[in-house]
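# An overview of the molecular structure
Listed here are the chains, written in short residue letters.
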Amino acid sequence: MRREKVDVLIVGGGAAGLAAAISATKEGVKTVLLERDRSTGGVLNQCIHNGFGLHVYKEELTGPEFMERMWDELKEDVIRPNYTVLEIKPKTREVVTLSEEGLVIFEVKALVMATGARERPLSSLQIPGSRVAGVYTAGVAQKMVNIYNRLPGRKVLIVGSGDIGLIMARRLKIEGMDVVGVVEIMPEPGGLIRNVVQCLEDFEIPLWLSHTVVEIHGDQRLNAVTIAKVDKNKKPIPGTERKIKVDTLVTSVGLIPQNELIEGFVEMDPINKGPIIDEFMRTSIKWIFAAGNNVAIHDLVDFVYEEGKIAGYYAALISKNEKLPDSDKRFLRGQNVGVLLPQRFSQKKSFKIYLRPLKSFKKSILKFDDKVIRKFNWRIRPSEMIDLVVKDFNNFGPNVTVEVNEID
Ligand SMILES: Cc1cc2nc3c(=O)[nH]c(=O)nc-3n(C[C@H](O)[C@H](O)[C@H](O)COP(=O)(O)OP(=O)(O)OC[C@H]3O[C@@H](n4cnc5c(N)ncnc54)[C@H](O)[C@@H]3O)c2cc1C
């Protein structure tokens, strides 16, 4: 066992962790980034489609290209691959890790959690039928195709029309699989509209809205699934069942932020399913910061990158014993607001807030208490995170209720 002292320790080497490393190293503090995989990048490694970096690098890049841009920005060699963080001890500020050299304990001044998210498994769908071969989560199927050059089967149905499901439908079709369709339990697609057009419509892949899989068939390998239409309570409607022959089912039913290392002692948000943070990306523990998909699920890497930059910068300041203002003001969720970041703020500076409406609206307004902050003359949807810079809080009290209302 070895011990090491660092100023800023970053856990996770995806987009958030790398961005945090870029800004922390610029502050001249001793920074180490731990990544449990052999290389950094996280989900970017397997996303070989373009659509990354329009905000940050003003170009449409693939996932690996976005990652390389971040490597170019990171001037110091601070990355330690093959390090898995096992435990964080909040009282002593120790981080216990396992690596090829055995146990290493880091004594840290500040910590940035950038552990990303994992996929919701098939079991969360509670579909009757045996657990046969041929059923994959979208991320596993994406890794097989894009990294290991293997097809998961010949004929596939996709469950879930979030961006990952849509992108995988197109990918598997391009690779030669017969993609029979995408089923979505909600009445509208879960992913970005540009992905519905570019991934399904352009490839003539059917999208069955308000449908779900009700049975899985097969002995050892999947040979068919039964789908059915659902009512407005998402209950299958008897008589609408249809059996479809497929040897592969790809499920894309959401991501779960990974926070097992901190949720025992950091204040958590039950809606975002991540730590409650302030505009400095600081959690309820003053020296622990967080950024990326472990804070809330983001559909755009640019937002993850921005959060990582903020977390790394302020973690570096804390490690230099600089003081940050107390975040004693709160955003409260009002009508129609789901994901909301940050939940606390100090009112000392302008900052960005991110939010997702709970349902889609053709035209709407965003209000802080009774004051209209933004008018949306375009459709807003739960699948697309809204970001806006807020500046002036002089007229608000310590609790600001955020809500979205429909207008004519
Ligand atoms: C299929 C798919 C398509 C997407 N398409 C787009 C797109 O077109 N455009 C766009 O802008 N965005 C897209 N996104 C979103 C964007 O890619 C992600 O939001 C972003 O990359 C997430 O970065 P992250 O750093 O938060 O998480 P991750 O990339 O998941 O990184 C987390 C890292 O932490 C490591 N880690 C976790 N636990 C530990 C531990 N205990 N010890 C050490 N390391 C640990 C993991 O190994 C991983 O490398 C897409 C995402 C997916 C999944």
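Reading guide: rules and limits
- Residues numbered from 1 in each chain as written.
- Predicted model: local features only at pLDDT ≥ 70, side-chain atom pairs only at ≥ 80, totals over all residues.
- Heavy atoms only, no water.
- Helix = DSSP H or I, 4+ residues; strand = E, 2+ residues; numbered from the N terminus.
- Contact = heavy atoms within 4.5 Å.
- Areas by Shrake-Rupley, 256 points an atom, 1.4 Å probe, with all protein chains shown as cover.
- Lys, Arg positive; Asp, Glu negative; His and termini not counted.
- Charge placed at Lys NZ, Arg CZ, Asp CG, Glu CD.
- Pairing = 2+ DSSP bridges.
- Axes fitted to C-alpha atoms, helices over the stretch in contact; angles between N-to-C directions.
- Left-handed = near helix turned anticlockwise from the far one by under 90°.
- Nonpolar A, V, L, I, M, F, W, Y, C, P; charged D, E, K, R; others polar.
- Buried < 20%, exposed > 50% of the residue type's maximum accessible area, 1.4 Å probe, protein only.
- Phe/Tyr/Trp six-rings, centres within 6.5 Å; stacked < 30°, edge-to-face > 60°.
- Right-handed = clockwise from strand over helix to strand, strands pointing away.

Under an unreviewed UniProt entry, the name given to the chain is Pyridine nucleotide-disulfide oxidoreductase, and the organism recorded is Thermosipho affectus.

Bringing the overall build of the chain into the picture now. Within the chain, the secondary structure is distributed over six helices and 29 strands. Principal-axis analysis of the C-alpha atoms gives the chain an extent of 65 × 60 × 40 Å. Pairs at least 24 residues apart make up 62% of the contacts formed inside the chain by residues separated by at least 6 positions. Accessible area for the chain stands at about 18,700 Å²; split by element, carbon and sulfur atoms hold 49% of it. Computed over 58 positive and 53 negative side-chain charges, the separation of the two mean positions in the chain equals 2 Å.

This paragraph deals with the sheet that holds strand β10 (residues 135-137). One open sheet accounts for five strands, arranged β10-β17-β11-β12-β13; its pairing is parallel. Each edge of the open sheet is held by one strand with a lone partner, namely β10 and β13 (207-209). In this sheet, neighbouring strand axes are inclined to one another by 20 degrees on average, regardless of whether the strands run parallel or antiparallel. In this sheet, strand β17 (residues 248-251) lies alongside strand β11 (residues 155-159) in parallel orientation, the contact comprising four bridges. Its bridge partner being in β17, Ile158 is matched across the sheet by Val250. With respect to the sheet, helix α4 (residues 163-174) is in contact with β11, β12 (178-184) and β17, its orientation differing from that of β11 by roughly 170 degrees.

This part is about the packing of helix α3 (residues 138-146) against α4. For the pair α3 and α4, the least separation of the axes is 10 Å and the interaxial angle reads 35 degrees. Handedness of the α3/α4 crossing: left-handed. On α4, the residues that touch Ala138, Ala141, Gln142, Val145 and Asn146 of α3 are Ile164, Ile167, Met168, Arg171 and Leu172. Looking at side-chain class alone, the contact of α3 with α4 contains seven nonpolar, two polar and one charged residues.

The next point concerns the pairing of strand β28 (residues 386-390). Judged by which residues are buried, β28 turns out to be one-sided: Ile386, Leu388 and Val390 face inward and are buried, whereas Asp387 and Val389, on the alternate face, are not. Where strand β25 (residues 351-357) and β28 come together, five bridges link them in antiparallel fashion. When the bridges of β28 are listed, Lys352 appears paired with Val389.

So, about the packing of aromatic side chains. What the rule picks out here adds up to 13 aromatic pairs. Aromatic pair Phe66 and Tyr305: ring centres 6.1 Å apart, planes at 85 degrees, arrangement edge-to-face. Placement of Phe66 in helix α2 (residues 63-73) and of Tyr305 in helix α6 (residues 301-319) is noted, with a sequence separation of 239 residues between them. Judged by relative accessible area, Phe66 falls into the buried class, the value being 0%. Feature note: the residues Phe331, Phe345, Phe351, Phe368 and Phe396 constitute an aromatic cluster, connected by ring pairs.

Within the open sheet, the three strands sit side by side as β14-β15-β16. Their pairing is antiparallel. Only two strands of the sheet have a single neighbouring strand rather than two, namely β14 (211-218) and β16 (242-245). Sheet twist, expressed as the average angle between the axes of neighbouring strands with direction ignored, equals 30 degrees. Here seven bridges tie β14 to strand β15 (residues 222-229), and the two strands are oriented antiparallel to one another. Within the sheet, the bridge partner assigned to Thr212 lies in β15 and is Ala228.

What follows concerns the environment of Gly28. Position of Gly28 relative to the elements: it lies in the loop between α1 (15-26) and β2 (31-34). Separated by 288 residues in the primary sequence, Gly28 and Ala316 place their C-alpha atoms 8.2 Å from one another.

Further remarks concern the pairing of β12. Counted residue by residue, β12 has six buried out of seven residues, so it is predominantly covered. Pairing between β11 and β12: five bridges, direction parallel. Residue pairing for β12: Ile158 is matched across the bridge by Val182. With α4 bridging β11 and the parallel β12, this β-α-β connection has right-handed handedness. Where β12 lies against β13, three bridges are found, and the strand directions are parallel. The residue of β13 that forms the bridge with Val183 is Trp208. Regarding topology, helix α5 (residues 193-200) serves as the crossover connection from β12 to the parallel β13, and that connection is right-handed.

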